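Here is how the chains run, residue by residue.
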Amino acid sequence: MTATRSRRFAGKRMPALAGVAAAILAMGALSACSSEEEEAQEAAEEVLDDLEEELGETAGAGEAEGGDEPAADEEIFAAGETAVFDNGIEYTVSAAEPYTPTEWAFGHTEGNEPQKVSITVTNNSAEAYDTTFIVTTARVGADGVEAEGIIDDPVGMGYNGSLPPGETATADFAFDIPAGEPSFSLTVEELLEWGATWDITL
């Protein structure tokens, strides 16, 4: 089954930037050697601090301008369905499956039950598509509490650069879902631009 939706995510900048900041911090921790760990961690935290400052400035600007644009009716997709945007880009999210993090993984808390999905991006536009700013956010429960994304190379590392017209790329992402949750929602978006949400039943 293929579903279609076209909607601009004008109000998604703050959570998207936060997701990017967290990924930078995680990759800094993963890449550090034991003798350089503290220095690498400090550098990653500086990047995170800079992005958090930008988030605050963005929030203030949004309030001054009257807040986010009204959202169109939001269609929620199911696992396996495809969101097609009018710029020619398509996102497809697979069903979830249990994931066991390695000892080097970042973002897992003992007692939670990590779940992994594959996200496929297809470029049906006439131009190369930059996958650098694709951001994923998982939320659980009625309150929409954000679940930690797991960084565990190659899981959670995203895509690699530019996707030529007519080509497809797939990457795996894992999320630290609290035990007993029957489902989670997963938003996949291009930073500052397009996005869609899937309801993933476990």
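You'll find the structure just up there.
Residues numbered from 1 in each chain as written. Predicted model: local features only at pLDDT ≥ 70, side-chain atom pairs only at ≥ 80, totals over all residues. Heavy atoms only, no water.

Novice: Give me the nonpolar core: which residues, what numbers.
Specialist: One finds Y91, F184, L186 and W198 to be the most contacted residues of the largest nonpolar core, which totals 28 residues. Among the elements of the structure, β3 (89-93), β5 (113-123), β7 (134-140), β10 (168-177), β11 (183-190) and β12 (195-201) are those that each provide at least two residues to this core. A total of 5 residues in this core trace back to one element, the largest contributor, which is β10. (Core = buried A, V, L, I, M, F, W, Y, C linked by side-chain atoms within 4.5 Å. Buried < 20%, exposed > 50% of the residue type's maximum accessible area, 1.4 Å probe, protein only. Helix = DSSP H or I, 4+ residues; strand = E, 2+ residues; numbered from the N terminus.)

Novice: So what's going on with the pairing of β5? Which residues, and what values?
Specialist: With respect to burial, β5 is a largely interior element, 8 of its 11 residues being buried. In the sheet, strand β4 (residues 97-98) pairs with β5 via 2 bridges, with the strands oriented antiparallel. Each bridged residue has a counterpart across the sheet, and for E97 the counterpart in β5 is K116. Relative to β10, β5 is paired through 10 bridges, and the arrangement is antiparallel. Counterpart to S118 in the pairing with β10 is D172. (Pairing = 2+ DSSP bridges.)

Novice: Can you lay out the pairing of β10 for me, pointing to particular residues and giving the numbers?
Specialist: Regular strands show a simple pattern: their side chains alternate between the two faces of the sheet. The buried fraction of β10 amounts to 7 of the 10 residues, a majority that puts the element mostly inside the structure. Judged from the 3 bridges that link them, strand β8 (residues 145-150) and β10 form a sheet pairing that is antiparallel. Within β10, the position partnered with G149 by the bridge is F175.

Novice: Which residues make up the packing of aromatic side chains, and what values go with them?
Specialist: Within a pair of aromatic rings, the relevant descriptors are the distance that separates the centres and the angle that separates the planes. Going through the model one piece at a time under the given rule, you end up with 4 aromatic pairs. Between F85 and Y91, the ring centres sit 5.4 Å apart and the planes meet at 70 degrees, which makes this aromatic pair edge-to-face. Taken as a pair, F85 and Y91 share a single burial class, namely buried. Between Y159 and F173 the ring centres are 6.0 Å apart and the planes differ by 50 degrees, which places this aromatic pair in the tilted class. With Y159 in the loop between β8 and β9 (162-163) and F173 in strand β10, this pair connects stretches of sequence that are 14 residues apart. Across the pair, F173 and Y159 agree in class, each one buried. (Phe/Tyr/Trp six-rings, centres within 6.5 Å; stacked < 30°, edge-to-face > 60°.)

Novice: Quick rundown of the environment of I134? Include the residues and the values.
Specialist: Its place among the elements puts I134 in strand β7. The class for I134 is buried, based on a relative accessible area of 12%. When the C-alpha atoms of I134 and G195 are compared, they prove to be 9.1 Å apart, with 61 residues separating the residues in sequence.

Novice: Give a description of unusual backbone geometry that names residues and reports values.
Specialist: Most peptide bonds take the trans configuration, and most residues that are not glycine carry a negative phi. A cis geometry characterises the amide bond from D153 onward to P154, with omega recorded as 5 degrees. If you trace the backbone, P154 turns up in the loop between β8 and β9.

Novice: Please set out the pattern of salt bridges residue by residue, giving values where relevant.
Specialist: Under the definition given, this model contains 2 salt bridges. Here K116 makes a salt bridge to E97, at a shortest N to O gap of 3.6 Å. In this pair, K116 sits in strand β5 while E97 sits in strand β4, placing the two residues 19 residues apart along the sequence. For K116, a relative accessible area of 18% gives the class buried. You can call E97 partly exposed: its relative accessible area is 41%. (Salt bridge = Lys/Arg side-chain N within 4 Å of Asp/Glu carboxyl O.)

Novice: Kindly report on the environment of A142, identifying the contributing residues and their values.
Specialist: Relative to the elements of secondary structure, A142 occurs in the loop between β7 and β8. According to the relative accessible area criterion, A142 is exposed, its value standing at 88%. Between the C-alpha atoms of A142 and F184, which are 42 residues apart in sequence, the distance is 9.9 Å.

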